[in-house]
Structures are given as C-alpha cells and as structure tokens.
Amino acid sequence: MKMKNKIARNIGMWLLAGISVWATPVAAQIYKDPKAPVEDRVDDLLQRMTLEEKVEQMGMTGIRNFGQSSAVYGVCESPFEGLELVAELSAKAKKHARENTRLGIPPIQIAECLHGVLAYGATIYPQAIAQGSTWNPQLIEKMAATIATEASSAGVDQALSPLFDLIRDPRYGRNEECYAEDPYLVGVMGSAFVTGMQGKPDETKKGIPAGKLMCTAKHFAGYSVPWAGINLAPASLGERELRTLHLTPFEMVVKDANVYSVMPSYNEVDGIPAHANEFLLKKVLRDEWEFDGYVFSDYGSVSHLYNFHKIAKDRPEAAIHALKAGVDMEAARPDVYPHLIQLVKDSKISEELINESVRRILRMKFKAGLFEKPYADPANVKKVVHMPEHVSLAQEIAEESIILLKNESNLLPLDKKTLRSLAVIGPNADQVQYGDYSYTRDNKSGVTVLEGIKKLVGNDVKINYAKGCGITDLSKDGFAEAIHAAEASDAIVVVLGETSVILSGLGWGKGPGEGEIQDPFTTGEGYDLTDINPIGVQRDLLQALKQTGKPIILVLVHGRPWSISWEKDNIPAILEAWYPGEQGGTAIANILFGNVNPSGRLNATFPQSVGHIPVFYDYKPSAKGINRQPGTPEKPGRDYVFSSPDPLFPFGFGLSYTTFEYSDMQVSKSVFGKEDIEVSVKVTNTGKQTGKEVVQFYINDKISTVTTPVMALKRFRKIELKPGESSWVTFKLSYKDLGLWNTQMEFVTEPGEFEFMFAKSAEEIECKQTVTYID
C-alpha cells in the first residue's frame, strides 16, 4: 500500500514538473471529490493550476473585494462589521469563488478572535491577559469553542489568534494580548484556546470539525521583548534563551494542539527579520517540529523586508527572501508576492518553491472542508451569537481572572447589610474597557463597574458617583466632586486604569464612535510606555481621596502590570481586573461584595518601577547581583543603591477570602531515570468560605552545565474546596520536563539533583523535596 501511494505521489510530482505521463490530460476532477484522500486532492488541483493562479492563492484581499477582479485570492478578510452582514458577504464571496471561477477554489475567510470574534454583536470576553490570570485552561477551551461557534456562523474559517508571546516588559503595549510571562503557562493556556477553537488534536489531524475554526499561533518568535519596549523593535536574544523561553509555547501548540497556521513576528532577532528567518521557519518549525500547516505573514511584514528592515532593495528581492524562508501567505494586500510570477519566468526562483507553499495552503483548505462547506446564512447568526450561556461564560471567566492583591484588615468583602453608602469614583468606574481587538467600547455593549455595583446593591446602599479625572487628561477640575462624593460615603471604590485600541468599520484604531469615550489609547498594538505608574493625574486623585480618611478599595482596569508602590503602601484593598470583558462590572461587583471568592493569580510579575524592568520570577542565579545589600533613599546600599531588586507583587500571587494549607508532599521516587515520576501534595481549605486555589509546581536544577533559572513552573491546577475540605493534587512528570539546552545546543536532561517545590506563588514555597535524576 505504501509503495502504491509513493508511486501515485511521484506521478503527481512528475505532472507538476511538466513531465507527461499520459498522452491526454486526466479528466476526472479528484480535487472535487470529498471522499478522496487530502493529498490526492491537493496533487490533482495543483497540477491544474497556472503559475498565476498559484501566486494568487498566496495573496489576500478584503471580502468585499472578492470577485471584483479576475484574481482568485487564497484568503479574504472579514470586515469589522455586524456578523449578519459578514455572513452575507461571506456567502457572496465564496459562492462566486466556488461557482464562477475556473477551478472553483474557495478562499479562507479570516477574522480576529482573541477574546471574541471581532464583529458587532459578538460576545466580548475578557482580554487574553485576564484569561491567563484565571490559570484555568478548561475555561479558556470552553470560551474558544463558543467564539468558534459565533465566528463560523458568519462564514469565518480561520482565527488570527491566539498569541504565544511572553509578558516580559510592561512597557510593551501588546502585553494585554498575551497570557503570561512563563512559557509553560502560555503554552498550556494557548493550547487550550486552540483545542477549543479547532477541535481535539486527534480530530484535527484528519480535518476541522463543523463549527470549528483553524487557529493561528503568533507571533513567531521573540516579539514581546523589543528594545526599550517599543513595538517592532529588535529583540536581543541568544539561541538558548530563544529556545528555552520564546519557542517553548509554540512547540507545545504545534505538537500538542496541532495548530494549523503560524504567523511570524514583525521584529528581528539577531539581525534577521522573522519573515526572512530560515532558522525559525524551516529548521525549527518544519524540520524539528514537523509542522505541516501553513505560514501566514503578519500584515505588511513581507513588505517590511524592503521598506522597514532594509534587507531587500525592492519588492522582488523581498519576495525571494520571504519565500525561501518559508512564508506561504502574504497579508494584507498583495504587494510583494505578485512579483513571484516574473521571478519564475526570469529563472530567479524555482516554481517548485511556490508549489510547496500553495500545497500547504490547499492542504489546509481541504482539511477544513472549504470545498464542501455550506455557505453562511445570515438568518442563522442570531440563533448562535451572544447567547445567554456565552454571556454567562464571559462573566465566569472575568470572575476567575480578578486578582486580590491586598486586603488589609479584611476590608473585603463589603457587606451591603451594614454598608449605608458607597462612593464609586474614577475614569474607568462608569466606562467599559475591553482591550485591543475589540469592536467597541460603548457602554451599551457591556456592564460598567458602577452599573454592576448598582445592580447588586439595589436600594440597600446609596451610591455616590464621580468620575474625578480622565485617563490621560491632566485636569484636576473633577477632584472636588469626587472628594464630596467620598466624604458623603462610608467607603470608596476607585476604578483607575487605561484604554486600548478599538477596531471597527471606521478603520484600524479609529474612533471612538457615538457614545464612546474620548481618551487617547494607552495600551494595545503600537501604544508603548516609558512610565508604568498610574497615568495622568489618577494617582493624584487617589491621594486626594485618601485624605478623606475613608477606607478605599482600588480596582485596576487596564492591560499591563503597573508600578503601584505608593498604592501598595497606602491603600488597604487592591483588585487587579485587567480588561474584564462585557460582564466585567458584574464580576467586579460580585468580588467586592463576596458573592464570588477571588481566585485569579498573577500571570506576570509587577515591578517596583520602570527602572526595575526586566523583572520576572524565573531569573538566573546571578540576576539579583552579588552584593545583596539593597539600599533605600534613607540608607543607600548596593544592588540597587536606593532600592531592592525584588518585585512589587510576585508571579503566581493572589489572595482569597479563605485560607489554604499544603501538607504531606510525596514524590514517587527519590532517584529516577528515563521514566515518569509523580509528585503529590495535600491541600486543605482552612478558612470559612468555599474557595479556589491554584496549586503551582516548580523545579530548580541545582547544578547544570549552563545556567538555569532559580525556579521554573512545570505544572499547575486550579481546585475548589469547601471549608475544611482536603484534596490530593498529583502531577506526573517526564524526565524531559527537567531538560535544558546544553553547550552544544542539544536538548538534554543532565544527571544530578533537582529541587521539587509546591507553591502558592513564586515567593510562597509551601513544601519542597530534593530528587536525583540518573541517566
């Protein structure tokens, strides 16, 4: 059977090379037979295509433009419009492609789906940074499945989501789109998203199930650590650091979740832009990981090779760089790849390279069933979009994402039975904030914190609202009204934060629309900062309110870790809510009043100041300096002179309204070799409320031939326990989980001692044991 398949494949390749094996062309259109093997369909269709048709498949256009020219592009982009209109446009474009073009090749319809499909009427879930702080991959898988349902109703075939970048520099504006600073946590959360959206990996090896979407893992790789935190700036990474940190989550999603597409990053690493990087796109992605999906360029990135990075003198040279590196699809508008036609005719590039890319694109189309897939029906959209269960899930994710950073004297939860009045103040108190890749920030689309609190307390508590100040506005004219509201209240909830890019039918980053706020964007793609303290006069407002003597609860609604040293020292209760989605106000109110016990945990370390960046939990042994005599302004020292290098809040940290105790740590083997090993710990809820705990497991390689972090996350699990209830948490590890990239750049597990640690956070190690690995 294998020999027959090989012969058939060779015949197909002979046809592609122009070698005639039959006197007359084959009439049967195998590629239109849904029962035929995918590779046979690809071979059959590819040999029928002209060079021009192949290159068109490597290009993209807007869905409205499809059919307005003779070109049949491989991809069409969904507009940022209502889902019913998108469905109508989808049906029209795909019907034209399949029924009115020479070969009937349908386009892949793409859409942004990071925290909901980017279209009016869709459910808006918490931003990715909030998804990451749930530490609950099952919830994220469920969310991605609902997004797939909503998007596919409008004809979408592929999501340009999720991100596998790491949060390593709070200045960088796109942190909000990322899951975490740790590669393992990112890999697990991102793979859960892909599994929910694409389907189970064993299913997707055969094809994409109905109602599911192909996913795109981005941005490959090292994108989120640019010089000075500036978007698109170069990344200074050696191969070992690149492999250990930035490639790990991508490897996980390729191998464990079978992601269908990978998007290279805009930036360069070690002088080579990702879209021209054969090491990344061929050696690692194709050869080492055996990725068989297709590489989808970031928008305009192939053009960047000549007009931004300056490694090509013109478009044709940029086309050669990108194609040879392994970029299959050029997005957005065709600018560079149309030159491939003449390059082939001039014998400057082989048509076989084009065949390889087109083969990969066609393979995904057949596996996704695009040639047989029913056209989208606008009448069906309302039946599956923004359903009550989707809205409920958005609220649940928001509730599990919110992190209680401080709760002095158990100020929280508030008791509406004893609380007579409450001031709700701040620029984000009565304004929804969803984060980048959202279609709106109109309050009509969601629940603000003010609205959530009012709904929860009803007439039991008098609410006194004042905005106080804007997000970036330097005016303090609203302070007097805010102070008056605070003085008339028993306690104060202050909602500070940022606002991010919205994408709508008005265009990229345009807006706001009617009824939307006017503050400039401060987070999102291309919105980077040099100062990560609270923006504008927001801290001044908080300090003025503190002078009233009333207890203050600070709620942060934003998209990056902030430096809140003053707030930590002076405000009794602090909640981190990130961008919490359309039900964010309800979720925050439920946390404030104890209807929900907070269970979010920090997925990124909070630095004391911008001068402390970079700061993360998995630092090297030498990272804190050698003197270890940190100083203060009153008593200067060394490493640093006026500060310690410690984080403000550590990775994995988060408080609860109950308490948990860890005990009885067990390891199945104290000495082990190339076999699995189990580690267990008993967790008990020692408080008076039901609560959820994130059990975190870390390792430390005590002695290694290359330096390794002081600790590295290897497993985690979120569990729920009633008061007095105990549960055993067990993790299975492979010896490969202890591996490193050695001096020869080989991934190995070195013999020696390893410290195993169960922890509540990177700074709260509850129990540990030393084990020995023997080769």
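Residues numbered from 1 in each chain as written. Predicted model: local features only at pLDDT ≥ 70, side-chain atom pairs only at ≥ 80, totals over all residues. Heavy atoms only, no water.

(A) Inspection of the sheet that holds strand β4 (residues 158-159) at higher detail. Read from one edge to the other, the open sheet built from seven strands follows the order β1-β2-β3-β4-β5-β6-β9, with strand pairing classed as parallel. With one partner strand each, in any of the chains shown, β1 (60-62) and β9 (294-295) form the two edges of the open sheet. Across two bridges, the pairing between β4 and strand β5 (residues 214-220) is parallel. When the sheet's bridge partners are listed, A159 is paired in β5 with C215. (Pairing = 2+ DSSP bridges. Helix = DSSP H or I, 4+ residues; strand = E, 2+ residues; numbered from the N terminus.)

(B) Layout of the sheet that holds strand β20 (residues 677-685). A sheet is described by the order of its strands in space; here three strands give the open sequence β18-β20-β23, paired in antiparallel fashion. In this open sheet, the two edge strands, each paired with only one partner strand, are β18 (660-667) and β23 (726-733). With strand direction ignored, the average angle separating the axes of adjacent strands in the sheet is 20°. Examined bridge by bridge, β20 and β23 share eight bridges and lie antiparallel to one another. Paired with I677 across the bridge in β23 is L733. (Axes fitted to C-alpha atoms, helices over the stretch in contact; angles between N-to-C directions.)

(C) Here's a closer look at the pairing of strand β11 (residues 421-425). Most of β11 is tucked away: five of the five residues are buried. In this fold, the crossover linking β11 to strand β12 (residues 462-466) by way of helix α18 (residues 449-457) has right-handed handedness. Of the pairings in the sheet, the one linking β11 to strand β13 (residues 491-497) comprises four bridges and is parallel in character. Considered in β13, the bridge of A423 is made with I492. (Buried < 20%, exposed > 50% of the residue type's maximum accessible area, 1.4 Å probe, protein only. Right-handed = clockwise from strand over helix to strand, strands pointing away.)

(D) Representation of the packing of aromatic side chains in the model. One pass over the full model with this rule turns up 25 aromatic pairs. On the numbers, 5.9 Å between centres and 25° between planes, the contact of F649 with F653 is stacked. Given the relative accessible area of 3%, F649 is considered buried. The class for F653 is buried, based on a relative accessible area of 13%. With a centroid separation of 6.0 Å and an interplanar angle of 5°, the aromatic rings of Y735 and Y773 are classed as stacked. On the criterion of sequence distance, the pair formed by Y735 in the loop between β23 and β24 (740-741) and Y773 in strand β27 (residues 764-773) is long-range, its members being 38 residues apart. Of the aromatic side chains, those joined through ring pairs into one cluster are W135, Y184, Y617, F651, Y698 and F716. When the ring centre of F616 is taken as origin, the NZ or CZ atom of R168, which lies over that ring, is 3.7 Å away. When the ring centre of W741 is taken as reference, the NZ or CZ atom of R243 above it lies at 4.5 Å. (Phe/Tyr/Trp six-rings, centres within 6.5 Å; stacked < 30°, edge-to-face > 60°. Lys NZ or Arg CZ within 6 Å of the ring centre and 35° of its normal.)

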